[in-house]
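Reading the structure
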Amino acid sequence: MTDTSRRILRQMSLPLTALAAAVFAGGVGAGLISFLDRSPVRETFVPGSSAWWQHLGVAVAAIALLALGQRRHRRRFGRRSGRLWLLAPLGKAAARRVTRTVSGAPGRVLLALLPALLFIYGFWRAGEQVIGGLDPNFTVNAWGGPTYLGAMACHYLDGLALMGLAAWLIDKILLPDRPDRAHRADRADRAAVRLSRSAGDTPAPAAPSAPRGVRPGAR
């Protein structure tokens, strides 16, 4: 495992990652049920239903936004900062922000509920496509259809774009992060201030004076 991978793993939140994995697995299970219950009657392909040109525009816009976001991230944190970027919604900092918002800002929780559900649904839909897309009727008139790979590409593109938008909205709504290290630094600073004040209130012991007629340092 590389140093970059270790840095990424150290920054990932276990609860958020487990939640995303569980929702994705649930989507895979739903797609499996849909595939097992598929109809033997093949649907007819409707020309224009694949919407490839529209998704080409979505792909161009997504690439441009990713390039802009990466440039801003590097400008803010440096090229080799090691900080999470695309995986930041599943990071420990995001988990701390969620906890802080839930415990102290219920109004913001209500605002973040809809984009959070949209973000979580993206994992479900991505999982459902894995096995459900093997049904020809699942993809024949889907965006990117009628092939499995085409429908997978377009649905994943749409899903990631919507998840990115949802993550951006959530980032704007949640309270800012206060890492544990900042908490410890704040406590240490306050303790140092109290210590300095108490030391300033207590008069320092006076140095013993030399006997009269004896010069300091004289024998």
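That block above? That's the structure.
Here goes a summary of the coordinates provided. (Residues numbered from 1 in each chain as written. Predicted model: local features only at pLDDT ≥ 70, side-chain atom pairs only at ≥ 80, totals over all residues. Heavy atoms only, no water.)

**Regarding helix α4 (residues 92-104)**
In an α-helix, one turn spans 3.6 residues, which is why side chains three or four residues apart end up on the same side. Between the first and last C-alpha of α4 there are 18 Å, a value that for 13 residues agrees with the 18 Å anticipated at 1.5 Å per step. Among the residues making up α4, those that are buried are Ala94, Arg97 and Thr101. Taken end-on, α4 shows its buried residues confined to a sector of 60°, consistent with a single buried face. Residues Thr99, Val102 and Ser103 are exposed on α4 and point more than 90 degrees away from its buried face. In this structure, the buried side of α4 is in contact with α2 (14-36), α5 (106-132) and α7 (148-173). (Helix = DSSP H or I, 4+ residues; strand = E, 2+ residues; numbered from the N terminus. Expected span 1.5 Å × (residues − 1). Buried < 20%, exposed > 50% of the residue type's maximum accessible area, 1.4 Å probe, protein only. Arc of directions from axis to C-beta. Contact = heavy atoms within 4.5 Å.)

**Describing the packing of α5 against α7**
Where α5 contacts α7, the two axes come as close as 9 Å, and the packing angle between them is 160°. On the basis of the axis angle, α5 is roughly antiparallel to α7. Handedness of the α5/α7 crossing: left-handed. (Axes fitted to C-alpha atoms, helices over the stretch in contact; angles between N-to-C directions. Parallel < 35°, antiparallel > 145°, perpendicular 65-115°, else oblique. Left-handed = near helix turned anticlockwise from the far one by under 90°.)

**Examining the packing of α4 against α5**
Running from amino to carboxyl end, α4 crosses α5 at an angle of 125°, the nearest separation of the two axes being 6 Å. By the angle between their axes, α4 is oblique relative to α5. From α4, Thr101, Val102 and Gly104 reach across to α5, where they touch Pro106, Arg108 and Val109. Of the residues belonging to the contact of α4 with α5, the class tally is 3 nonpolar, 2 polar and 1 charged. (Nonpolar A, V, L, I, M, F, W, Y, C, P; charged D, E, K, R; others polar.)

**Thoughts on a nonpolar patch on the surface**
A cluster of nonpolar residues, Leu118, Tyr121, Trp124, Leu162, Leu165, Trp168 and Leu169, forms a patch on the protein surface that exposes about 660 Å² of accessible area. Looking at the nonpolar patch, the elements with two or more residues in it are α5 and α7. The biggest single contributor to the nonpolar patch is α7, with 4 residues. By the secondary structure assignment, Leu165 is in helix α7. (Patch = residues over 30% accessible without salt bridge, like charges linked within 9 Å, V, L, I, M, F, W, Y side chains within 5 Å. Areas by Shrake-Rupley, 256 points an atom, 1.4 Å probe, with all protein chains shown as cover. Salt bridge = Lys/Arg side-chain N within 4 Å of Asp/Glu carboxyl O.)

**Remarks on the packing of aromatic side chains**
Under the definition given, this model contains 1 aromatic pair. For the ring pair Phe119 and Phe123, a centre distance of 5.4 Å and an interplane angle of 80° mean the geometry is edge-to-face. Of this pair, Phe119 and Phe123 both sit in helix α5, 4 residues apart, which is roughly one turn of that helix. Like Phe123, Phe119 is buried. (Phe/Tyr/Trp six-rings, centres within 6.5 Å; stacked < 30°, edge-to-face > 60°.)

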